[in-house]
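Tertiary structure, described
Given next are the chains, with one letter for each unit.
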Amino acid sequence: MSDHSNDSDAEATIYDQASWRDSDRYEPLLSEKNSREVDVETPLPDDLTRDSLELPAVSEPELARHYTRLSQMNYGVESGPFPLGSCTMKYNPKFTEDLAALPAVSVHPDRSAETIQGTLGVYVKLSEYLASIGGMDSVTLQPPAGAAGEYTGVLIAKAYHEHNGDKRTEIIVPDSAHGTNFASAALAGFDVVELPSGEDGRVDLDALSAAISDETALLMLTNPNTLGLFEREIEEIAEMVHEAGGLLYYDGANLNALLGQARPGDMGFDIMHYNVHKTFATPHGGGGPGAGPVGVVEELAEFLPAPRVREGSDGYELFEPAHSIGKVHGFQGNWLVLIKACAYIARLGDEGLTDASAKAVLNANYLAEQIEYEVPFGPFHHEFVASAGEQDAADVAKRMLDYGVHPPTTKWPEIVSEALMTEPTEIENKRTLDQLAAAFNAVAGEAGETLDTAPQRTSAGRIDQVSAARNPRLSWQALDEE
Ligand SMILES: Cc1ncc(COP(=O)(O)O)c(C=O)c1O
């Protein structure tokens with residue numbers, strides 16, 4: 001740690017294309033190292049093809065070094081701690097990859113149900129595992145991400161109300177919720193009613209009562225919420241929503257805090273999604289190629305996406321629920337992601353899952369005790385939100401990279417000023433948590449240029465985030481054309 005802090009007066013390396021290419025942090029493209037023109041022969045029409053193509057010409061060792069260098073410029077959960085709050089960046093055990101790579105598991109999605117009975121059996125098994133973990137009655141594995149699960153859940157709520165001849169127009173979402181909750185509600189055509197959090201960071205029953213009306217289709221809640229706080233009044237909340245004829249949606253992003261301890265279904269939730277990448281150690285999907293299964297109570301099962309799988313008299317078969325909202329993804333979802341979640345749940349079992357959750361909570365509480373930043377709300381479960389105080393949370397995050405760790409999520413939820421939303425997960429041991437705390441505390445004592453110009457020691461320096469988001473240059477050619 002002390003060698004790193006000696007760098008604090010090093011010159012800022014603000015990322016720009018020209019200086020980056022000249023720096024020793026730049027790894028040239030393979031075609032920049034060496035390339036040659038290759039004649040192209042193809043049966044395609046001339047106007048669709050070129051005569052020659054420039055292709056990289058490098059030796060195997062050069063190729064191996066290129067990719068190794070690129071991998072070293074990256075940071076992942078296999079490089080070090082990754083306490084990105086709300087994202088639950090768990091390590092994905094390799095045995096699940098081995099399993100997903102088995103030829104018998106990779107079946108073509110177009111095969112008929114009779115020829116993939118084993119696969120459909122695993123599909124049903126995973127649905128049952130998830131239903132039992134969440135306290136739900138039926139589960140679809142189709143949605144390809146948590147956010148897609150939310151959208152599916154909102155469509156189910158909409159179909160349910162419409163089926164009952166009840167045209168409800170509003171969805172209530174707390175101000176601490178993830179942006180996708182607001183987006184899912186709006187995308188499905190609802191008006192979003194934002195619920196201000198109470199002084200303790202939880203749902204304020206008076207504010208909720210004022211927000212609920214006979215227009216309320218759904219209340220979307222994360223529990224524990226994004227501050228890591230358990231909604232202690234969840235039973236009263238459920239009663240209020242149900243009495244008004246609304247439904248209650250559980251955003252499963254924080255389910256890692258509750259495994260084996262409490263179930264959304266028992267708290268009164270009617271619909272929930274599971275982020276299998278957060279809770280069951282599958283790769284994160286980047287918004288799509290993951291999985292976000294959705295569970296519902298019995299009354300809503302008829303509205304689940306089609307096709308569903310069930311065990312009939314001749315084995316497993318596909319069927320369409322009576323009032324299905326239709327398809328939300330191709331086939332049965334991203335099967336190879338789902339099988340990893342299934343393997344993870346089966347390997348850990350009830351005891352292992354309960355233990356994982358307890359350790360996630362213990363780790364968050366241990367880490368919060370070690371850091372100098374204030375944590376305004378508690379008691380929290382698997383994550384906490386510290387405040388960077390007078391420092392800019394984004395500067396803190398960038399500087400933490402210089403200390404060799406991944407920073408927490410920043411500036412969200414907005415009810416904590418300069419938020420550092422931190423979730424170490426159960427995978428870290430005490431030594432790593434101490435390393436993380438040391439990085440937090442080193443940054444807590446810094447100010448000025450050191451913070452303003454960080455990071456210094458990463459492969460890319462300080463990135464102009466606004467331009468990167470508003471004017472993304474998505475190809476190497478686009479960079480070259482400037
Ligand atoms: C609280 C919460 N809800 C929903 C989501 C969306 O999940 P996904 O990334 O799987 O689409 C996230 C993602 O980080 C989240 O933190």
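A quick note: this is a predicted structure, and the numbers were derived from the prediction, not measured. (Residues numbered from 1 in each chain as written. Predicted model: local features only at pLDDT ≥ 70, side-chain atom pairs only at ≥ 80, totals over all residues. Heavy atoms only, no water.)

Section: the packing of aromatic side chains
Summed over the entire model, instances satisfying the criterion amount to five aromatic pairs. Their ring planes at 75° and their centres at 4.9 Å tell us that Tyr250 and Phe269 sit as a pair that is edge-to-face. One end of the pair, Tyr250, is in strand β7 (residues 247-251); the other, Phe269, is in the loop between α11 (264-267) and β8 (271-273), with 19 residues separating them in the sequence. Each member of the pair, Tyr250 together with Phe269, is buried. (Phe/Tyr/Trp six-rings, centres within 6.5 Å; stacked < 30°, edge-to-face > 60°. Helix = DSSP H or I, 4+ residues; strand = E, 2+ residues; numbered from the N terminus. Buried < 20%, exposed > 50% of the residue type's maximum accessible area, 1.4 Å probe, protein only.)

Some words on the packing of helix α7 (residues 146-163) against helix α8 (residues 179-187)
Direction vectors running N to C along α7 and α8 enclose 40°, while the axes themselves pass 9 Å from each other. In this view, α7 runs oblique relative to α8, as classed from their interaxial angle. Pair α7 / α8 crosses with right-handed handedness. Residues Ala147, Glu150, Tyr151 and Val154 of α7 pack against Thr180, Asn181, Ser184, Ala185 and Leu187 of α8. For the contact of α7 with α8, the per-class residue count stands at five nonpolar, three polar and one charged. (Axes fitted to C-alpha atoms, helices over the stretch in contact; angles between N-to-C directions. Parallel < 35°, antiparallel > 145°, perpendicular 65-115°, else oblique. Left-handed = near helix turned anticlockwise from the far one by under 90°. Contact = heavy atoms within 4.5 Å. Nonpolar A, V, L, I, M, F, W, Y, C, P; charged D, E, K, R; others polar.)

What about the nonpolar core?
Of all hydrophobic cores here, the largest spans 52 residues; its most connected members are Leu130, Leu208, Leu219, Leu255, Phe269, Tyr274 and Phe280. Those elements that provide at least two residues to this core are α6 (117-134), α9 (205-211), β6 (216-222), α10 (234-243), β7 and α13 (335-370). Non-local contacts of Leu219, meaning those with residues more than four positions away in its chain, are made with Ile172, Leu208, Ile237, Val241, Leu247, Leu248 and Tyr249. Of all hydrophobic cores here, the second largest spans 29 residues; its members include Ala393, Trp412, Leu436 and Ala437. (Core = buried A, V, L, I, M, F, W, Y, C linked by side-chain atoms within 4.5 Å.)

Section: the packing of α13 against helix α15 (residues 430-444)
At their nearest, the axes of α13 and α15 sit 9 Å apart, and the two run at 35° to each other. The chirality of how α13 crosses α15 is right-handed. Between α13 and α15, the contacting residues are Asn363, Tyr366, Leu367 and Gln370 on the first element and Lys430, Leu433, Asp434, Leu436, Ala437, Phe440 and Asn441 on the second. Residues of the contact of α13 with α15, tallied by class, amount to six nonpolar, three polar and two charged.

Structural notes on a negative patch on the surface
Residues Glu37, Asp39, Glu41, Asp46, Asp47, Asp51 and Glu54 make up a contiguous surface patch of negative charge. Looking at the element boundaries, Glu41 is found in the loop between β1 (35-39) and β2 (52-56). (Patch = residues over 30% accessible without salt bridge, like charges linked within 9 Å, V, L, I, M, F, W, Y side chains within 5 Å. Areas by Shrake-Rupley, 256 points an atom, 1.4 Å probe, with all protein chains shown as cover. Salt bridge = Lys/Arg side-chain N within 4 Å of Asp/Glu carboxyl O. Lys, Arg positive; Asp, Glu negative; His and termini not counted. Charge placed at Lys NZ, Arg CZ, Asp CG, Glu CD.)

What to know about the sheet that holds strand β3 (residues 138-140)
Taken in spatial order, the seven strands line up as β3-β9-β8-β7-β6-β4-β5 in an open sheet, and their pairing is mixed. Only two strands of the sheet have a single neighbouring strand rather than two, namely β3 and β5 (191-195). Between one strand axis and the next, the sheet turns through 20° on average, direction left out of account. Judged from the five bridges that link them, β6 and β7 form a sheet pairing that is parallel. (Pairing = 2+ DSSP bridges.)

Focus: the pattern of salt bridges
Counted according to the given criterion, the structure contains 16 salt bridges. Taking the shortest distance from any N to any O, the salt bridge between Arg399 and Asp402 comes out at 2.8 Å. Taken together, the positions of Arg399 and Asp402, both in helix α14 (residues 393-402) and three residues apart, correspond to about one turn of that helix. Note that Asp434 and Lys430 form a salt bridge whose closest N and O atoms lie 3.1 Å from each other. Of this pair, Asp434 and Lys430 both sit in helix α15, separated by four residues, roughly a single helical turn.

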